[in-house]
Amino acid sequence: MIKTYFKKYKKQILVTIASLFGLFIIFILSVYLGAWGHMPNEKELANLQLDQATEILSDDGTLLGKIYINDRQPVPFDSIPKNLIDALVATEDVRFYEHNGVDNRSLLRVFFKSILLQDESSGGGSTITQQLAKNLYPRKNLGSLGIIVHKLRESIIAKRLEDVYSKDEILLHYLNTVPFSDNTFGIESASKHFFNKSAVNLSTIEAATLVGSLKATYYYNPKLFPERSKQRRNVVLSQMKNY
């Protein structure tokens, strides 16, 4: 029955498939060319300028207060402890050092588990580099096609970021831009806000707590929901042990 139907309408079916494929290619090109939002080139990405908080200090160097839109205090890579990087990679992107910005295996997992099996535990499939792209160029409301456009756009930007920066530089930019709980941006501000210390002095437990909160910054806020935060922290520690 199906074979007979295909034979009878073979031409129409092939034309439809070719038309859909053509529309898909045009759609990808429209994202690539910036029709759905600004697409930064490699030159722009190589000259990132992050806004940061202005600190007000006393004569002896004591912090009196800060003025900011986003509470961010960027730090150099040597101020990022190894336990923090281990926690981040093990939890957010275990193949970070193997891919070129996009982890196809994770995307396939998300497609089959989230879309076909309706399993919400599969995660978003975004690499650390794609998350950095999202932090640098926030998403806008694009309607029903939004999630597809955002994923394509962030994948393209992620690949360009990987061409411009080393893996260590990408980790640094990510940790300096990522939003944490209580409207803090970047690991230094979050470390001082939650633990009253610089990021370089974070213990493994503290690093795991902050990385764990990235999954849902309000839901896993250590100040508001300490028990929930602790459970998530333990998941991060388990991931560190596994990987």
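Shown above is the structure to which this text applies.
Because the structure is predicted, anything quoted here is derived from the model rather than measured.

Rules and cut-offs
- Residues numbered from 1 in each chain as written.
- Predicted model: local features only at pLDDT ≥ 70, side-chain atom pairs only at ≥ 80, totals over all residues.
- Heavy atoms only, no water.
- Buried < 20%, exposed > 50% of the residue type's maximum accessible area, 1.4 Å probe, protein only.
- Helix = DSSP H or I, 4+ residues; strand = E, 2+ residues; numbered from the N terminus.
- Contact = heavy atoms within 4.5 Å.
- Polar contact = N/O pair within 3.5 Å; in protein donor to acceptor, adjacent residues only side chain to side chain.
- Salt bridge = Lys/Arg side-chain N within 4 Å of Asp/Glu carboxyl O.

Attention shifts here to helix 6 (residues 128-136). With seven of nine residues buried, helix 6 is to be regarded as a mostly interior element. All of the buried residues along helix 6 are Ile128, Thr129, Gln130, Gln131, Leu132, Ala133 and Leu136. In this structure, the buried side of helix 6 is in contact with helix 4 (82-92), helix 7 (146-164) and helix 8 (167-177).

Right, let's get into the side chain of histidine 173. Along the chain, the position of histidine 173 falls in helix 8. Here histidine 173 falls in the buried class, since its relative accessible area comes to 17%. With near-sequence residues (within four places) excluded, histidine 173 lies in contact with Leu48, Leu132 and Tyr165.

Okay, the side chain of threonine 184 next. Here threonine 184 shows up in strand 5 (residues 184-185). A polar atom in the side chain of threonine 184 sits 2.7 Å from the backbone oxygen of serine 181.

The subject of this paragraph is the pattern of salt bridges. A side chain with one charge may pair with a side chain of the opposite charge, provided their charged atoms come close. Under the counting rule described, the total for this entry stands at six salt bridges. A salt bridge links arginine 139 to glutamate 154; the shortest N-O distance between them is 2.7 Å. Remark: glutamate 154 occurs in helix 7 and arginine 139 occurs in the loop between helix 6 and helix 7; sequence separation between them is 15 residues. Residue arginine 139 is classed as partly exposed on the basis of its relative accessible area of 31%.

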